[in-house]
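# Structural description and commentary
Residues per chain, in single letters:
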Amino acid sequence: MSLIDLKLHEAADKLAAGEVTSRQLCEALLARVDAVEEKVGALVSINNERVLAAADASDARRASGSSLGRYDGLPITIKDNIVEEGEESKCASSIIDGLVNVYDSTVVRKLKEAGCVVFGRANMDEFAMGSTTETSQIKKTCNPHDLDCVPGGSSGGSAAGVASKEFLGALGSDTGGSIRQPASFCGIVGLKPTYGLVSRFGLVAFASSLDQIGPMSKDVRDSALILDIINGEDEKDSTALPGKITDFEASLEGFDIKGMKLGVPAEYFEVEGMEADVKASVQAAIAKLEAMGAEIVPVSLPHTKYAIATYYVIATAEACTNLARFEGVRYGNRYTETDDILEMYNETRSRGFGKEVQRRIMLGTYVLSSYEDHKYYHRAQKVRTLIRQDFEKAYEQCDLIVAPVAPETAFKSGESSEDPMKMYLADILTTSVNLAGTCGISVPCGQDSKGMPIGLQVMGPALGEKKLLQLAYAYEQNAAVELKEVEL
Amino acid sequence: MSEYEVIIGLEIHVQAKTKSKVFCSCKNEYGAPPNSNVCPICLAHPGVLPVVNQEAINQIVKAGLMTDSKIALYSKFDRKSYFYPDQPKNYQITQFDLPFVEAGKIPIGGKGLSGEMIEPREIGMERIHLEEDVGKSTHHGTHSTVDYNRAGVPLLETVSMPEMHSADEAYAYVQSLQQIMRYGGISDCDQEKGQFRCDVNISIHKPGTPFGTKVEIKNLNSTRHIWLSINYEIERQTEMVEEGIEIHQETRRWNDARQETVHMRFKETADDYRYFPEPDLPPVVLSSDQIEQWRSEMPMTPKAYREQFINEFKVTEYDAHVLTLDKANADFFAEAAKGVKKPKTVANVMMNTLNSLLSEAGKELFETELKPQDLIDLVKLQEGNVISKSAIAKILPVLLEENKSAEQVAKDLDLVQQNDTGALEGWVDEVIAANPKAVGEFKEGQKNAVNFLMGQVMKASRGKANPPMVIQMINKKLS
């Protein structure tokens, strides 16, 4: 077994046992990056020297008996929209070029305080706007299971890199499904935590009321491990929840699924474009859970059909203001061939932002222009409340909800990017969780006839992560889903 | 002009005094080197989030309580979008529909800048909301620079009801608001430092007809400019209406060199600021208990001072107005007034002699050596006939400069009155002997003669004779 095959928790055990050093782990991964990155395109950037210096520092701590703990020396990759001091966070765009960050995001600070090595920056859709990673202005990311296919998005780099074993685990961000959907497409585990469980300070905002950083990993235990590190209150984020949880990983074992009520929302299986293989695979997973002792109850989430419209009104409204700061005045690329401030703004932004980002800025500007008419934004907020209430009612009848992550598996590159509506509609099964501010995880549950992975989505109530991870872990252990080995 | 009614509303931005900025921990400080009080948050670097400074909330609640306003139990922040280089995020965090403070009252009174008395009354204040200031742009011809030290300084935007009808009333409103802010320690309202900036909305109409189209005069940073620009606008708009020219909604500014308002831009449609709730900041929920706690800790308002002065110290409403213009003065007066029989004498001394001495010296009261106890001692000397009324004006300048007691200064200046009948008698006899003509007039019943004779006695005594005693003695001797 090669070091790149290790899970994070296995690597942690080996580090603790002195069987491997952080440098050895990182060198093995860097060699893997050298070997396959050209094909996969998971990383926007990686600074080998910085990685190895951090690994050496960790090894030195361990050698001198001053280890920072179980996570010291673990390499973890971050999505390109997460800020790290001394690095650029381009968000896969060209508009912020040249801004070397002067501060650490809270998640990076927590990683560093735990001794983790920040192992490069993962590719993504530009400003997290997209579901295929194709809107990245920096590079193309391919699905390791089939290089002709997209890895999903927007955290496509994080997902592809975990699947291709270029890194052991990663942070993604999920605004409408951007962790869960690429996790499903690439056959890995991805968790979107409850809104506020993980600080957003230093996450370049797309839609502030929906964004949430979360773990992407080879297995459920690793997601629990990463969540243990990154969650917790933050005085720099007023929307972060109070408290800190440290036993997500520790509570995985000894959990008994018997008697747990799992809700199955019919609406989630009847969406347009639901592929037969996806439906069958998820239903088989549900049957497996039932066989393991769970009680299956039908639940209804009747406002699901409005989720996409609601999501795109709220997300674009917030995004158009969040992205207003990128205009070339204080940092980034500036168009200088004019003396006119308006033209400078227009040219800087027209040249710096890609097509999809511009489309969403315009959409957001449009929906907010009618704010005082209460036409879009207010109505969307009301529907958002209804969607949240759907979940609250459902969780009165069940502990967790199980459903597919996406109607389809990873498709060929270029297929959806010309049809934005098709791309938007594919988010139907994931956006509701963001609108409700609750949590959801994608766990591999099978593959389609072409061998592409399929994800089972488990959704939980606000702060239901523990139960969510326990069930996902029990399923993973019992179902022992074998995906086709990635060959690169 | 009188046939038109003038309608004036004021929107005033007041910089709140706090240790740090409203959404980050940079210093709220005037005059630092450009771009030295900045951080990733107030420069809007990617990924940063705002966190509300509790001290700024304390200040706005205090401002609300001191203006007799309603404090909202539930308020929230909103984003107001517009692009300008001095606004780092290209949206401003402000409050749209749920401000911290609503429905307040600003008392006006005293004299206007025209010198006319203003009928004391209360002007309604619609709201005060909390928002962030922008940076400061400087234009250098070929290029511009921005200093972001000011970006993120807490601003209290106060919006009056359109209830003022003259430049004098607007002036009094501004004065009163500044006074409240200073009394509360909410803001120094230093206009030169940009801590107090005013926009005027003004229209005219004939009574009984609908309001006229309003014109906005923006960015007035001097009380005098506010007053001048309103008077100019009243005249300009009256002329337009008289000549049948339609007034369009527009924004103007004051050109001090030309002493006139000049057109900036028309406002045919409402600006589209695309307001929506700030998702990075949860709504602020205050409890009634908390508000009551704040209320109990609230500093005394100028109005409360005035009421105390009128009721307890029996000064006139106008005196009370003048004495409370400055809080240090008001505190000084309150302390001094408690120590004397006739607080009105203290009031007169402060408003007249002291006031002119201070303005001659270009000093504030607190910069002098004078303490309330000195004034008490001084007035007591006069009340006890130890010195004459006129001696006060001679002793006071010394007390401002030197740390001496009033009594000592009176002695030093040889101003202690001669109350000894023997000495008085000598001067009176001397004067009666030397002025037979006046004595004759007195005996014929001419009242003025006694004043003349008394003047002569005062002269002979070099001001030390006690005037009432002198008069008494003259009357006795000549009757």
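Note that the coordinates shown come from a computational prediction; the quantities given were computed from them, not determined experimentally. (Residues numbered from 1 in each chain as written. Chains lettered and ligands numbered in written order. Predicted model: local features only at pLDDT ≥ 70, side-chain atom pairs only at ≥ 80, totals over all residues. Heavy atoms only, no water.)

### What to know about the overall build of chain A
- Secondary structure assignment for chain A yields 15 helices and 11 strands.
- The globule rule puts the C-alpha radius of gyration for 488 residues at 23 Å, and the 21 Å found for chain A is close to it.
- With the C-alpha coordinates aligned to their principal axes, the bounding extent of chain A is approximately 65 × 55 × 45 Å.
- Taken over 488 residues, chain A has a buried fraction of 64%.
- Pairs at least 24 residues apart make up 76% of the contacts formed inside chain A by residues separated by at least 6 positions.
- Split by element, the accessible area of chain A, about 16800 Å² in all, is 50% carbon and sulfur.
- Seen as two clouds, the 50 positive and the 71 negative side-chain charges of chain A have centres 2 Å apart. (Helix = DSSP H or I, 4+ residues; strand = E, 2+ residues; numbered from the N terminus. Rg over C-alpha atoms; globule rule 2.2 N^0.38 Å. Buried < 20%, exposed > 50% of the residue type's maximum accessible area, 1.4 Å probe, protein only. Contact = heavy atoms within 4.5 Å. Areas by Shrake-Rupley, 256 points an atom, 1.4 Å probe, with all protein chains shown as cover. Lys, Arg positive; Asp, Glu negative; His and termini not counted. Charge placed at Lys NZ, Arg CZ, Asp CG, Glu CD.)

### Focus: a nonpolar patch on the surface
- A cluster of nonpolar residues, B:Leu73, B:Tyr74, B:Leu98 and B:Val285, forms a patch on the protein surface that exposes about 360 Å² of accessible area.
- In this structure, B:Tyr74 sits in strand β3 (residues 74–75). (Patch = residues over 30% accessible without salt bridge, like charges linked within 9 Å, V, L, I, M, F, W, Y side chains within 5 Å. Salt bridge = Lys/Arg side-chain N within 4 Å of Asp/Glu carboxyl O.)

### Overview of the interface of chain A and chain B
- Contact residues are listed per partner, giving 38 residues for chain A and 32 residues for chain B.
- The tally of links from chain A across to chain B stands at one salt bridge.
- One salt bridge connects B:Asp280 with A:Arg200, and the closest N-O pair in it is separated by 3.0 Å.
- Applying the counting rule to chain A against chain B returns 14 residue pairs in polar contact (both at pLDDT 80 or more).
- For the side of chain A that touches chain B, the secondary-structure elements that each account for two or more residues are α9 (307–322), α10 (341–352) and α11 (355–369) of chain A.
- The element contributing the most residues to the side of chain A that touches chain B is α9(A), with four residues.
- Class assignment for the residues of the side of chain A that touches chain B results in 19 nonpolar, nine polar and 10 charged. (Polar contact = N/O pair within 3.5 Å; in protein donor to acceptor, adjacent residues only side chain to side chain. Nonpolar A, V, L, I, M, F, W, Y, C, P; charged D, E, K, R; others polar.)

### Details of the sheet that holds strand β9 (residues 400–404) of chain A
Residues and elements named next belong to chain A.
- Read from one edge of the open sheet, 11 strands run β1-β3-β2-β4-β6-β5-β10-β11-β9-β7-β8, paired in mixed fashion. Of all the strands in the sheet, the pair left with one neighbour each is β1 (43–45) and β8 (295–299). Neighbouring strand axes in the sheet, compared pairwise and without regard to direction, differ in orientation by 30 degrees on average.
- The strands that helix α15 (residues 465–479) touches are β5 (189–192), β7 (261–265), β9, β10 (439–447) and β11 (453–460); relative to β10, the one it contacts most, it runs at about 10 degrees. (Pairing = 2+ DSSP bridges. Axes fitted to C-alpha atoms, helices over the stretch in contact; angles between N-to-C directions.)

### Points about the domain arrangement of chain A
All names here are of chain A.
- Under the domain assignment used here, chain A contains domain 1 (3–258) and domain 2 (305–379).
- Here the C-alpha centroids of domain 1 and domain 2 sit 28 Å apart.
- With 21 residues of domain 1 at the interface, the matching set in domain 2 holds 20 residues.
- Where domain 1 abuts domain 2, roughly 1700 Å² becomes buried across the two surfaces, and 64% of that area is made up of carbon and sulfur atoms.
- Summed over the three residues of domain 1 that lose the most area to domain 2, namely Ile-95, Met-129 and Phe-206, the buried surface amounts to 38% of that side.
- Inspection of the domain 1/domain 2 interface yields zero salt bridges. (Domains from an automatic or database assignment. Buried area = accessible area lost by both parts, 1.4 Å probe.)

### Notes on helix α9 (residues 372–383) of chain B
- In a regular helix each residue adds 1.5 Å, so 12 residues correspond to 16 Å; α9(B) covers 16 Å between its end C-alpha atoms and thus fits that length.
- For α9(B), the full list of buried residues reads B:Pro372, B:Asp374, B:Leu375, B:Ile376, B:Leu378, B:Val379, B:Leu381 and B:Gln382. (Expected span 1.5 Å × (residues − 1).)

### Details of the sheet that holds strand β5 (residues 91–94) of chain B
- Strand order in the open sheet formed by three strands is β5-β4-β15 (chain B), and the pairing between neighbours is antiparallel. In this open sheet, the two edge strands, each paired with only one partner strand, are β5 and β15 (276–277) of chain B.
- With two bridges joining them, strand β4 (residues 78–81) of chain B and β15(B) adopt antiparallel strand pairing. Its bridge partner lying in β15(B), B:Arg79 is registered against B:Phe276.
- Sitting on the sheet, α9(A) touches β4, β5 and β15 of chain B, and the angle it makes with β4(B) is about 60 degrees.

### Considerations on the packing of aromatic side chains
All names here are of chain B.
- The full count for this structure, using the stated rule, is 21 aromatic pairs over all chains.
- Relative to Tyr-273, the ring of Tyr-82 lies with its centre 6.1 Å away and its plane at 70 degrees, an arrangement referred to as edge-to-face. Note that Tyr-82 is positioned in the loop between β4 and β5 and Tyr-273 in the loop between β14 (260–266) and β15, a separation of 191 residues in sequence.
- On the basis of relative accessible area, Tyr-82 is assigned to the partly exposed category, the value being 26%.
- For the pair Phe-309 and Phe-333, a centre-to-centre distance of 4.7 Å together with 70 degrees between the ring planes defines the contact as edge-to-face. (Phe/Tyr/Trp six-rings, centres within 6.5 Å; stacked < 30°, edge-to-face > 60°.)

### Some words on the domain arrangement of chain B
All names here are of chain B.
- For chain B, the assigned domains read domain 1 (5–289), domain 2 (300–412) and domain 3 (421–478).
- The C-alpha-based centres of domain 1 and domain 2 are spaced at 36 Å.
- Taken together, the contact between domain 1 and domain 2 spans 12 residues of the former and 14 residues of the latter.
- Of the roughly 1100 Å² buried between domain 1 and domain 2 on both sides combined, carbon and sulfur atoms contribute 61%.
- The largest per-residue losses of area from domain 1 upon contact with domain 2 belong to Met-66, Gln-179 and Tyr-183, which jointly make up 51% of the total buried on that side.

### Points about the pairing of β11(A)
Residue and element names in this part refer to chain A.
- Of all eight residues in β11, eight are buried; the element is thus mostly enclosed.
- Of the two faces of β11, the one carrying Pro-453, Gly-455, Gln-457 and Met-459 and the one carrying Ile-454, Leu-456, Val-458 and Gly-460 are both buried.
- Bridge analysis of β9 against β11 gives four bridges, and the strand direction is antiparallel. Note on β11: the bridge partner recorded for Ala-403 is Gln-457.
- Looking at chain direction, β10 and β11 are connected through eight bridges and run antiparallel. Paired with Ser-442 across the bridge in β11 is Gln-457.
- Counting the residues that bridge the hairpin from β10 to β11 gives five residues, and of these Gly-451 lies at a positive phi of roughly 85 degrees.

### Notes on helix α15 (residues 467–478) of chain B
Residue and element names in this part refer to chain B.
- Taking 1.5 Å as the rise per residue, α15 with 12 residues should run 16 Å; its terminal C-alpha atoms sit 17 Å apart, in good agreement.
- Among the residues making up α15, those that are buried are Val-470, Met-473, Ile-474 and Leu-478. Each buried residue of α15 sits inside an arc of 110 degrees when the element is viewed along its axis, so together they form one side. Across α15 from its buried face, at more than 90 degrees, point the exposed residues Pro-468, Gln-472 and Lys-476. (Arc of directions from axis to C-beta.)

### Some points on the side chain of A:Ser131
Residues and elements named next belong to chain A.
- Counting through the fold element by element, Ser-131 comes out in the loop between β3 (117–122) and α5 (156–163).
- For Ser-131, a relative accessible area of 4% puts it in the buried group.
- Within polar-contact distance, the side chain of Ser-131 engages the side chain of Asp-427 at 3.2 Å.

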